[in-house]
Amino acid sequence: MSDLVLGVRHHGPGSARAVVRALTQYRPDVLLVEGPPEADELVGLAADAEMEPPVALLAHVAAEPARAAFWPFAVFSPEWQAIRYALRHGIPVRFCDLPAAYGLAEPEEDDPDTGRYDPLGTLARTAGYDDVERWWEDVVEHRGDSPFDAVAEAMAELRRGEPARGREARREAYMRRVLRRTRREGFERIAVACGAWHVPALRERPPVAEDDRLLRNLPKVKVATTWVPWTHGRLSVRSGYGAGVSSPGWYHHLFTAPDSPAERWLTEAAGVLREEGLQVSSAHVIEAVRLAGTLAALRDRPMPGLGELTEAVRAVLCDGEELPLDLVRRRLVVGERLGRVPASTPMVPLQRDLREELRRLRLRPAATAADLDLDLRKPLDLERSRLLHRLGLIGIGWGTLREAGGKGTFRERWTLLWRPELDVELIEASVLGTTIRGAATGKAAGVAAQPEATLADLTSVAESCLLADVQEALPQVVAAIGARAALDAEVTHLMAALPALARACRYGDVRGTSGEALRTVVDQLVVRICVGLPAAVGGLDDDAARELIRYVDLVHPAVSLLGAGRERWRATLLRVLGRRDLPGLIDGRLTRLLLDEGGMGHEDAGLRMALSVTVHEPARAAAWVEGFLSGGVVLLIHDESLLTLIDTWVAGLTPEAFVEVLPLLRRTFGAFEPTERRALGDRVRGTRAPGPEAEIDPARAAAAVRTVELILGRAHG
Amino acid sequence: MTAVLRPHAEQQYSAELAALAAADDRPRPPGWKLSPWAVTTYILGDGKKITPKYIGSRRLIEVAVATLATDRALLLLGVPGTAKTWLSEHLAAAISGDSTLLVQGTAGTAEEAVRYGWNYARLLAEGPSRAALTPSPVMRAMSEGRIARIEELTRMPSDVQDALITVLSEKTLPIPELGEEVQAAKGFTVIATANDRDRGVNELSGALRRRFNTVVLPVPGTPEEEVEIVRRRVAQLGRALELPDPPSGLDEIRRVVTVFRELRQGMTADGRTKLKSPSGTLSTAEAISVVAGGIALATHFGDGVLRPADLAAGILGAVVQDPVSDRVVWQEYLEAVVRERADWRDFYRACRDV
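Residues numbered from 1 in each chain as written. Chains lettered and ligands numbered in written order. Predicted model: local features only at pLDDT ≥ 70, side-chain atom pairs only at ≥ 80, totals over all residues.

Overview of the overall build of chain A
Then step 1. Tallying secondary structure elements over chain A gives 33 helices and 10 strands in all.
Then step 2. By residue count, 43% of the 717 residues in chain A fall in the buried class.
Then step 3. For chain A, contacts bridging at least 24 residues in sequence account for 76% of all contacts bridging at least 6. (Helix = DSSP H or I, 4+ residues; strand = E, 2+ residues; numbered from the N terminus. Buried ≥ 20, exposed ≤ 12 C-beta atoms within 10 Å, placed from the backbone. Contact = placed C-beta atoms within 7 Å.)

Quick notes on the overall build of chain B
Then step 1. The secondary structure content of chain B amounts to 15 helices and nine strands.
Then step 2. Within the span of chain B, comprising 354 residues, buried residues form 42% of the whole.
Then step 3. Here the contacts in chain B between residues at least 6 apart in sequence split such that 69% fall between residues at least 24 apart.

Brief notes about the nonpolar core
Residue and element names in this part refer to chain A.
Then step 1. In this structure, Val192, Ala193, Leu266, Ala288, Ala312 and Val313 are the most contacted members of the largest nonpolar core, which totals 167 residues.
Then step 2. Setting aside chain neighbours within four positions, we find alanine 288 in contact with Leu266, Ala312, Val313, Val316 and Leu317.
Then step 3. The next biggest cluster of nonpolar side chains, apart from the first, holds 92 residues, and it includes Leu388, Val447, Ala504 and Met600. (Core = buried A, V, L, I, M, F, W, Y, C linked by C-beta atoms within 7 Å.)

Comments concerning the interface of chain B and chain A
Size of an interface, as often reported, equals the accessible area lost when the parts are brought together.
Then step 1. In this assembly, 20 residues from chain B lie in contact with 15 residues from chain A.
Then step 2. When residues of the side of chain B that touches chain A are traced back to their parent elements, those giving at least two are α3 (36-44), α4 (58-69), α9 (206-209) and β9 (212-216) of chain B.
Then step 3. It is α4 of chain B that provides the largest number of residues to the side of chain B that touches chain A, a total of seven residues.

Structural notes on the environment of alanine 193 of chain A
Residue and element names in this part refer to chain A.
Then step 1. Its place among the elements puts alanine 193 in strand β6 (residues 190-195).
Then step 2. When the C-alpha atoms of alanine 193 and isoleucine 83 are compared, they prove to be 9.2 Å apart, with 110 residues separating the residues in sequence.
Then step 3. Not counting residues within four places of it along the chain, the set of residues in contact with alanine 193 comprises Leu6, Val8, Val19, Leu31, Val33, Glu34, Pro78, Glu79 and Ala82.

Focus: the confidence of the model for chain A
All names here are of chain A.
Then step 1. Counting all residues, the mean pLDDT for chain A is 80, and 91% of those residues have values of 70 or more.
Then step 2. Across residues 111-115 the pLDDT falls below 50, and counting only partners more than four positions away or on other chains, this stretch makes three contacts in the model.
Then step 3. Of the regions scoring below 50 in pLDDT, residues 238-243 engages in six contacts with residues more than four places distant in sequence or in other chains. (pLDDT = per-residue confidence, 0-100.)

Regarding the sheet that holds strand β8 (residues 370-375) of chain A
Residue and element names in this part refer to chain A.
Then step 1. An order of β8-β10-β9 is seen for the three strands of this open sheet, with the pairing classed as antiparallel. The strands lining the two open edges of the sheet, one partner per strand, are β8 and β9 (399-402). In this sheet, adjacent strand axes meet at a mean angle of 30 degrees when their direction is disregarded.
Then step 2. Of the strand pairs in this sheet, β8 and strand β10 (residues 411-416) are connected by six bridges, and their pairing is antiparallel. (Pairing = 2+ DSSP bridges. Axes fitted to C-alpha atoms, helices over the stretch in contact; angles between N-to-C directions.)

Regarding the sheet that holds strand β7 (residues 223-229) of chain A
Residues and elements named next belong to chain A.
Then step 1. Spatial strand order, β4-β3-β7: three strands in an open sheet with antiparallel pairing. Edge positions in the open sheet fall to β4 (64-73) and β7, since each of these has one partner strand only. Taken pair by pair, the neighbouring strands of this sheet meet at an average axis angle of 25 degrees, ignoring direction.
Then step 2. Sheet topology note: the strand β3 (residues 55-61)/β4 ladder contains seven bridges and is antiparallel. Paired with alanine 59 across the strands is alanine 69, a residue of β4.
Then step 3. Contacts between helix α18 (residues 421-429) and the sheet are confined to β3, β4 and β7, with β4 contributing the most and set at about 150 degrees to the helix.

Re helix α15 (residues 322-334) of chain A
Residues and elements named next belong to chain A.
Then step 1. Largest kink in α15: about 25 degrees, centred on valine 328.
Then step 2. When we look at burial in α15, the residues that qualify are Leu325, Val328, Leu332, Val333 and Val334.
Then step 3. Buried-residue contacts for α15 involve α11 (248-256), α12 (261-275) and α14 (306-317).
Then step 4. Backbone geometry just downstream of α15 places glycine 335 in the positive-phi region, at approximately 45 degrees. (Bend = angle between axes of the 7 residues up to and from the residue.)

Describing the pairing of strand β1 (residues 4-8) of chain A
Residue and element names in this part refer to chain A.
Then step 1. Across the five residues of β1, four count as buried, placing the element largely inside the fold.
Then step 2. Across five bridges, the pairing between β1 and β6 is parallel. Within the sheet, the bridge partner assigned to valine 8 lies in β6 and is glycine 195.

Examining the pairing of β3 of chain A
All names here are of chain A.
Then step 1. With six of seven residues buried, β3 is to be regarded as a mostly interior element.
Then step 2. Taking the residues that link successive antiparallel strands as the turn, the β3-β4 hairpin has two residues.
Then step 3. Summarising the sheet, β3 and β7 pair through seven bridges and their orientation is antiparallel. Bridge pairing in β7 places valine 61 opposite valine 223.

So, the packing of helix α13 (residues 282-298) of chain A against α4 of chain B
Then step 1. Closest axis-to-axis distance for the α13 of chain A/α4 of chain B pair is 9 Å, and the angle between their directions is 115 degrees. Where α13 of chain A crosses over α4 of chain B, the two elements pack in a sense that is right-handed. Side by side, α13 of chain A and α4 of chain B meet where Leu291, Thr294, Leu295 and Leu298 of chain A of the first sit next to Glu62, Val63, Val65, Ala66, Thr67 and Ala69 of chain B of the second.
Then step 2. Among the residues making up the contact of α13 of chain A with α4 of chain B, the classes are represented as seven nonpolar, two polar and one charged. (Left-handed = near helix turned anticlockwise from the far one by under 90°. Nonpolar A, V, L, I, M, F, W, Y, C, P; charged D, E, K, R; others polar.)

Here's the deal with the environment of leucine 417 of chain A
Then step 1. Along the chain, leucine 417 of chain A turns up in the loop between β10 and α18.
Then step 2. Linking leucine 417 of chain A and glycine 397 of chain A, residues 20 residues apart in sequence, is a C-alpha distance of 8.4 Å.

Topic: helix α23 (residues 516-536) of chain A
Then step 1. The first and last C-alpha atoms of α23 of chain A sit 30 Å apart over 21 residues, in line with the 30 Å expected at 1.5 Å per residue.
Then step 2. Turning to α23 of chain A, its buried residues are Leu518, Val521, Val522, Leu525, Val526, Ile529, Cys530 and Leu533 of chain A. (Expected span 1.5 Å × (residues − 1).)

Topic: the confidence of the model for chain B
Residues and elements named next belong to chain B.
Then step 1. Here chain B shows a mean pLDDT of 86. Residues at 70 or above account for 96%.
Then step 2. Here helix α10 (residues 223-240) stands out as the element of chain B with the lowest mean pLDDT, 80, in contrast to strand β5 (residues 147-151), whose mean of 94 is the highest.
Then step 3. The ipTM for the predicted assembly is 0.80, set against a pTM of 0.68.

Quick look at unusual backbone geometry
If a residue is not glycine, its phi is most likely negative; likewise, a peptide bond is most likely trans.
Then step 1. Cis geometry marks the peptide bond from proline 53 of chain A to proline 54 of chain A, where omega comes out at 5 degrees.
Then step 2. As for its placement among the helices and strands, proline 54 of chain A is situated in the loop between β2 (30-33) and β3.
Then step 3. For glutamate 152 of chain B, which is not glycine, the phi dihedral falls at a positive 50 degrees.
Then step 4. In this fold, glutamate 152 of chain B is placed in the loop between β5 and α8 (158-170).

Quick look at the structure:
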């Protein structure tokens, strides 16, 4: 009795049906499947009620989880259907591919010859089809009889004169070895489900010695295997990352629909469109079915495929518009879904802990991006936020924070998107700790202990520690920040570090975490910045000045946020302004900051402007104006005296000087809103008054002013 | 050669249609002169004897033909100049052998144009009778099992549009005055065209919309496709107007197409420079007429070779529809893009001189 070798198309629904039919007919007593033999013990889990494809077998090097390989399965994968058939009938299942222990030991081998990976695709293209599944549907699916003999013949023809090489030769030698061993064990009706490409190799019977020679002395590593949830989009990826099946939802439909796939598909499409409030009647669906059928006939196809159905949806259901069609494409054709593995699957403690946490916090990973709004005043949401921040700290990018918290807000918006690789990253992170919280602590402590971590790295970790509520690591991180700040001679580094820390202090208030030590470090940091800044501003060129202003703009609001240290900061800025060699840009900007903040009187600001613009250095004057106005132009519109100063200066420039400063001025004023520019132009021309200033009634305005001052935190008792 | 300025499609391509019909062994839907496969071949050409009438996606033509084969009505949508009318004429010619059953939709189109009118002299003399009835093109198409074409459907008043609903859903046209009706013979259906730029004119009612399958005709996807369309059409027009064969003005055609595409897309072909788009659509049809006009100029007033100067005025006329804003657009394009292209010097000068 010869064995039944089923050459399949990985993730082909047509193949999957045919495999089940063939197995039912053949009634094998053992099943061999292309996959890592290390997973033999795990295969029983495939029958678990909690197991929900798409899932993948993951094999990774035990000591180095990042080196991993995957064998993904969807419900419409022929291999999956074969496994399920065998488990249902109590037939033993074995994987027969080259063990991952060998596969992962050798370096990654590029195989640019896609014909080998997708031989049926090659055949389809030869037959003039651009879509393999469509070709398979036409020549195999709609035929009814078993396609496997024909496929085997075709493969034999494709491979004629092309002996297997390298890794492929080793894999096929191993498959034959498993086949022989199985035969020796006394099984008589052996069925093999493997990629169509390998069929000829399994049918021939080269001498045992030859296979043994190929498999002798292979390098080997210790590997661990498990099941992980997978996504439809990543199905065709056998190892590592790459492009996926383009229409998994369609394949899923093809496999699961019991009959009349076209009618069911169009009905579902109509349902999707109705959900979005588009009017689609049953009459529409009927016409769409007719159109798809006629189109298929016109194209000489036995049944409508995805192409014809899409045309029908477009022309009949969507009135020719692309927008609703996109919706159908997203929801139905791609139909992204994430699989599930049962609790009894082998997992590292970290994965288990995450599973537990997710159940506790009622979160569910999904393969499509979903938004999550958290109100941190609610305990459940606060816990969720902490979990997401912890994962982020570990480096598991499940959630992305939108609109970063800002000034002590109690709302967070996350976008959650689970990718299959995150499981690998979890396994990798398991060296850091056995729980999510523990791993986050370990990670933070690890960063603090790294001598090469920069101050900015450390501060962002400190902030994350507070957000993630892993305070155990905080003392270490804060100590590291203190040490680094004391040694760092570059004041801009300190300035870059401050905002995150200032925010962290604020979070401490909002989130009920205390940060005494942090507060001390922050205060020290402010002192150091105040001491270092005056020395850093001298003799800067234009670019360096611009860079420094960026840092000043970061520090300024941070100091305001902190409250304490504001006086010192203000004094520092005044001291900086006292320097004679100050670049115009910095001079102007600092003047503005102090003016806005109340640290400098109006007259003083006017005086500084007068000094700056009357000196015969047009370039510096223009830079000063730029710095001064980068805080907004409204001031100028409403302050006659300042506007007059600038106006007089520009008007008084010599023609050469005017040409010199024109680009600078254009840059400054070009950044303002058109309405602001128009208002300014009107003011200069003197055509329009800025508003009825004279009519303000101080008594009536007082109440509003008080409220505004209260909001701004400047209430005078 | 007949003296007709523009013969109908079924006359101009009668040889091709006859050849296709002779070779066509596929089943034909009732009332069709050709099988759906042959119709598709007629429209898209076969690379040999059958010339392509429409250059573009095969998919669209297949959907259009399949729609008509399911006796549904077909609505061709698109911006002006995307060959909607052209395609509907050729479809009608290939399927019914008759593209003349045409209703032109305008704001003044009356219900008689879709249903029937009366010969009043006869009506007064003989009273209401079939003989006193003047059938509309739609009515004739129904009784003869042919395709009726409706141009610019959305320009018709809504009540006239709605007169089509019974025709399309019940396939019958009642004549209450006579107590009779005209039932559509097999092969009857309607091809309507509408412009989706001014869709708001008389938006189709949901009930009517539901009777149509919609195919949106796009502007040509690639520059090569558009150059090919312009070249072919210009050659055909030239023959009809008995102009001598255009000397190889392919470079000039390519330039016109480039100018039109860049302004239409608001971006230069290399994607580097943003441009303002003029208010007109700058369709392929306009490019065709610019080139045809240029060839006429070159033949009658120039040296017979298509030169930039022959095209400049035509391009200016096509681009500048709104005398104020479009002129600015054109000037900017001329100075910022055309002037910078080394091999476009002659073209730039010609445009400046207009």
